[in-house]
Amino acid sequence: MNELVYVSGSFRPAAEATVSVFDHGLLYGDGIFEGIRAYNGRVFKLERHIDRLFDSAKAIRLQIPHSHAEVCAIVVESCRRNGITDGYIRLVVTRGAGDLGLDPRNCSRAELIVIVKASLSLYRSPSSGIRVVTSTFRRHSPETLSPSIKSLNYLNNILARIEANDRQADEALMLDVHGYVAEASVDNFFIVTDGALLTPPTANNLEGVTRETLLEIAGTLGIGTEEQPFTLFDVWTAKEAFICGTAAEVVPVVSVDDRTIGTGTVGPLTSRIAAAYHEVVRAQGTPINAGSGDDSRLPESLVLGACPTN
Ligand code: PXG
């Protein structure tokens, strides 16, 4: 645990990177987060992830204490200082330290935290496919808490994941309150029907960056795509299924609720999409080391020499 973590305006060794016990992110789950990956010395879809972070912040009336450009620069700097060329980046923005009592007006300044890790593994054997079970917990509806907000309130999803663990499955599939398929606990969900990809519209799931990247990739490969509501029957009888997300990437699903999907092995379309995704993420992104010495987008406190803790 010798990573440098960005917190309260500077980089600190992980063991010393702390926030107040009065932070409303801790007391009330009042905050948002992002998960980004770096491949081959480049941060994949950095600007898009930071757009989503600012959209989530806007939705919950949270003022991020930096500009979009500064947050991007802090992410790149976090990778650089930790010597990351391939890894996982977690951004958290909390409402900040306040008092007991949930009124956000007690919190004078939001807290931006950036953690980077060289690796992250979500499933035991992702490449040979995972077992999924449908959770009894339904994904939030937009009338309660928009699933587009990547908030620090993940209890709904965590309960679903616990249920999957209890049933010896790798992941939980969540339905929305009307019984339509929404997404997995931390991933979007796709099925393959008649040679085309089908995924639910984003009203009941997170607008995943991987989801939108795969829809684009499918377009360039000439694979049909559809965004339509569907039900468990469509999943159980699908030819193929997979989940996708920044951390998971593309993971084939070989069974759902003890129904074998397709042949019970990784399907041809899933393989094609996964291989193309693998190539795209390694070929694009914001360089981590290019232009080193150009600190113009970093907050002043981080420009070398300006802060004794750096
Ligand atoms: N749905 C939900 C509910 C998510 O939390 C996704 C879909 C996929 O979105 P992206 O933009 O990553 O394609 C997510 C992503 C974690 C972790 O720590 C969670 C996410 C991403 C990375 C790591 O378990 N959520």
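None of these values were measured; they are calculated from a predicted model.

1. Side note on the packing of helix 2 (residues 46–59) against helix 3 (residues 68–81)
For step 1, the next point in the chain: At a minimum axis separation of 10 Å, helix 2 and helix 3 run at an interaxial angle of 125°. Classed by the angle they form, the pair helix 2 and helix 3 counts as oblique. Where helix 2 crosses over helix 3, the handedness of that crossing is right-handed. Contact residues: L46, E47, I50, D51, L53 and F54 in helix 2; H68, V71, C72, V75 and V76 in helix 3.
For step 2, the next point in the chain: A per-class count over the contact of helix 2 with helix 3 returns 8 nonpolar, 1 polar and 2 charged.

2. Some remarks on helix 3
Because an α-helix completes one turn every 3.6 residues, residues spaced three or four positions apart along the sequence face the same direction.
For step 1, the next point in the chain: Here helix 3 contains 14 residues, and its C-alpha end-to-end distance of 20 Å stays within 8% of the 20 Å for a straight helix at 1.5 Å per residue.
For step 2, the next point in the chain: Along helix 3, the positions that sit buried rather than exposed are V71, C72, A73, I74, V75, V76, E77, S78 and C79.
For step 3, the next point in the chain: Looking one or two places after helix 3, you find G83, whose phi comes out positive at around 60°.

3. Regarding the site of the ligand
For step 1, the next point in the chain: Near the ligand, the surroundings consist of 19 residues, among which R90, Y154, E183, T210 and T246 are the closest.
For step 2, the next point in the chain: In this structure, a nitrogen atom belonging to the ligand sits 2.6 Å away from a side-chain N or O atom of K150.
For step 3, the next point in the chain: Across the shell around the ligand, the residue classes tally to 6 nonpolar, 7 polar and 6 charged.
For step 4, the next point in the chain: Looking at which domains feed residues into the shell around the ligand, each of domain 1 (4–120 + 290–298) and domain 2 (126–266) supplies at least three.

4. Let's talk about the domain arrangement of the protein
For step 1, the next point in the chain: Each assigned domain of the protein is listed here: domain 1 (4–120 + 290–298) and domain 2 (126–266).
For step 2, the next point in the chain: If you look at the interface, domain 1 gives 25 residues, while domain 2 gives 17 residues.
For step 3, the next point in the chain: In total, domain 1 and domain 2 occlude about 1600 Å² of area from one another, counting both sides; carbon and sulfur atoms represent 57% of this.
For step 4, the next point in the chain: The largest per-residue losses of area from domain 1 upon contact with domain 2 belong to F33, R48 and R52, which jointly make up 36% of the total buried on that side.

5. A closer look at helix 5 (residues 209–221)
For step 1, the next point in the chain: Here helix 5 is 13 residues long and its end C-alpha atoms lie 18 Å apart, about the 18 Å a rise of 1.5 Å per residue gives.
For step 2, the next point in the chain: Turning to helix 5, its buried residues number three or more, namely V209, T210, R211, T213, L214, L215, I217 and A218.
For step 3, the next point in the chain: After helix 5 finishes, the residue G222 shows a positive phi value of roughly 75°.

Conventions and cut-offs
- Residues numbered from 1 in each chain as written.
- Predicted model: local features only at pLDDT ≥ 70, side-chain atom pairs only at ≥ 80, totals over all residues.
- Heavy atoms only, no water.
- Axes fitted to C-alpha atoms, helices over the stretch in contact; angles between N-to-C directions.
- Helix = DSSP H or I, 4+ residues; strand = E, 2+ residues; numbered from the N terminus.
- Parallel < 35°, antiparallel > 145°, perpendicular 65-115°, else oblique.
- Left-handed = near helix turned anticlockwise from the far one by under 90°.
- Contact = heavy atoms within 4.5 Å.
- Nonpolar A, V, L, I, M, F, W, Y, C, P; charged D, E, K, R; others polar.
- Expected span 1.5 Å × (residues − 1).
- Buried < 20%, exposed > 50% of the residue type's maximum accessible area, 1.4 Å probe, protein only.
- Near = heavy atom within 4 Å.
- Polar contact = N/O pair within 3.5 Å; in protein donor to acceptor, adjacent residues only side chain to side chain.
- Domains from an automatic or database assignment.
- Buried area = accessible area lost by both parts, 1.4 Å probe.

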